[in-house]
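For reference, the chains in residue letters:
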Amino acid sequence: MSLSRQHELHKRRAGRNKGVGIVLAALIAIVFGLTVVKVSSDNFTMQSANEVNNGN
Amino acid sequence: MSDASIQTTIRHGEAEFGDYFALLKPRVMTLVVFTAFVGLLAAPVAIHPFIGFCAILFIAVGGGASGALNMWWDADIDAVMRRTAKRPIPAGKVTGDEALAIGVALSAFSIIFLGLATNWLAAGLLAFTIFFYVVIYTMWLKRLTPQNIVIGGAAGAFPPMIGWAAATGDISVASVLMFCLTFMWTPPHFWALALFVRMDYDNATVPMLTVTHGRRSTRVHILVYTVLLAILAIGTGFTAIGGPIYLAVALVLNALFLKGAWDIYRRNEEMAEADNFAVEKKFFKLSLLYLFAHFGAILIEAGIDRLGVFA
């Protein structure tokens, strides 16, 4: 018994892989979007070099 | 390795992507998304649209994760109930271990990301909701007490509070009122369902009120809870999240809901079986409209406040 190219098993795995791919792409877009929004908000402040050196 | 050694049949667990998505109870998720959305927009603090979108998404994922954990734990009773027998685990499409892994992973993901995107009060409320639904309701109360629906209903009532907390960072009377609205709505909604899917709960030995206290008692309970719900729902119209449009919607829908509960109360089993539980089914359908319309009206009132239409 051989596996044909159009076996049901392949279709299921292909669909699953596609789904996981879309979810991962969406996750990247969300993390990127959140980072942009957070960094550009008025509340966002960077630590100065002195603060970093003083361990604050 | 020859071709002959490769398995050509569909193994248990060779699920499609849609089977994994079904674990998240998409229909329940619509209620979670909608009520959380209303809680977020009814809050008097503006939130960045993208953060708001992410907050709703993470709340929905958290709700879905608790659904997957519920299916993992309840696979045995899902298999004997006609309504749930086609769920991915009893249908043999997804294994229990997979559902557990997906549930735990998505729970952790949704809580951490909601905390990072908004605040840790909202994330804490989401964590508590998942814990309440999975441990308190699913593992403990569902198979122990006929009050399972009443107490378990709290889990479904948290999303508007989480949405509100995501925007404001606190808990207020308004967000507690939205919680109470869903909490009080859940028992009559599910008991009406239990009246016309009786055999299912009997077979699964889930101690629904219909099984433990009888159907007459369930009809009385539906009426009592509907009266209490109507008082709460109409009273909410006079608070900060209410207004003329909400009040008009609440008056009409509560009148219809009370009429439905009264009709259920007056019927006996012979009358119900004669028309195949038409009144109970109508009440159940109305209950879906009831909740969506109340939260929709809160949303409209919030929009009016933002735009200052009646200012």
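These numbers were taken from a predicted model, which means no experiment stands behind them.

Calculation criteria
Residues numbered from 1 in each chain as written. Chains lettered and ligands numbered in written order. Predicted model: local features only at pLDDT ≥ 70, side-chain atom pairs only at ≥ 80, totals over all residues. Heavy atoms only, no water. Domains from an automatic or database assignment. Contact = heavy atoms within 4.5 Å. Buried area = accessible area lost by both parts, 1.4 Å probe. Polar contact = N/O pair within 3.5 Å; in protein donor to acceptor, adjacent residues only side chain to side chain. Helix = DSSP H or I, 4+ residues; strand = E, 2+ residues; numbered from the N terminus. Patch = residues over 30% accessible without salt bridge, like charges linked within 9 Å, V, L, I, M, F, W, Y side chains within 5 Å. Areas by Shrake-Rupley, 256 points an atom, 1.4 Å probe, with all protein chains shown as cover. Salt bridge = Lys/Arg side-chain N within 4 Å of Asp/Glu carboxyl O. pLDDT = per-residue confidence, 0-100. Phe/Tyr/Trp six-rings, centres within 6.5 Å; stacked < 30°, edge-to-face > 60°.

Caption draft 1: Examining the domain arrangement of chain B more closely. All names here are of chain B. As assigned here, chain B comprises domain 1 (14-170) and domain 2 (172-311). For domain 1 and domain 2, the distance between their C-alpha centroids amounts to 21 Å. Taken together, the contact pairs 35 residues of domain 1 with 34 residues of domain 2. Summed over both partners, the interface of domain 1 with domain 2 buries about 2,900 Å², with 76% contributed by carbon and sulfur atoms. Among the residues of domain 1 in contact with domain 2, Pro-146, Ile-149 and Val-150 are the three that bury the most area, contributing 19% of the side total. Counting across the interface, domain 1 meets domain 2 through one residue pair in polar contact (both at pLDDT 80 or more). Of all the elements in the fold, those that place two or more residues in the side of domain 1 that touches domain 2 are α2 (26-42), α4 (75-80), α7 (148-157) and α8 (159-168). Here the side of domain 1 that touches domain 2 gets nine residues from one element, more than from any other, and that element is α2.

Caption draft 2: Expanded view of a nonpolar patch on the surface. Residue and element names in this part refer to chain B. Together, Val-220, Val-224, Val-227, Leu-228, Ile-231, Trp-262 and Tyr-265 make up an exposed nonpolar region whose accessible area comes to about 590 Å². When contributions to the nonpolar patch are tallied by element, the ones reaching two or more residues are α12 (215-236) and α13 (244-266). Within the secondary structure, Trp-262 is located in helix α13.

Caption draft 3: Inspection of the confidence of the model for chain B at higher detail. Across chain B, the average pLDDT comes to 90, with 94% of residues at or above 70. Within the model, pLDDT remains below 50 along residues 1-10 of chain B, and this stretch shows 16 contacts once partners closer than five positions in the same chain are excluded.

Caption draft 4: Unusual backbone geometry, seen in detail. Residues and elements named next belong to chain B. With a phi angle near 55°, Asn-276 is a residue other than glycine that sits in the positive phi range. Examined against the element boundaries, Asn-276 turns out to sit in the loop between α14 (269-274) and α15 (278-307). Located in the positive-phi region is Phe-277, a residue other than glycine, with phi close to 60°. With respect to the helices and strands, the residue Phe-277 is situated in the loop between α14 and α15.

Caption draft 5: Broad picture of the packing of aromatic side chains. Residue and element names in this part refer to chain B. Evaluation of the coordinates by the stated rule reveals 18 aromatic pairs over all chains. Centre to centre, the rings of Phe-128 and Phe-131 are 6.3 Å apart; their planes meet at 40°, and the pair counts as tilted. Taken together, the residues span about one helical turn, with Phe-128 and Phe-131 both in helix α6 (residues 120-141) at a distance of three residues. Taking 4.4 Å as the distance between ring centres and 10° as the angle between the ring planes, the aromatic pair formed by Phe-257 and Phe-283 counts as stacked.

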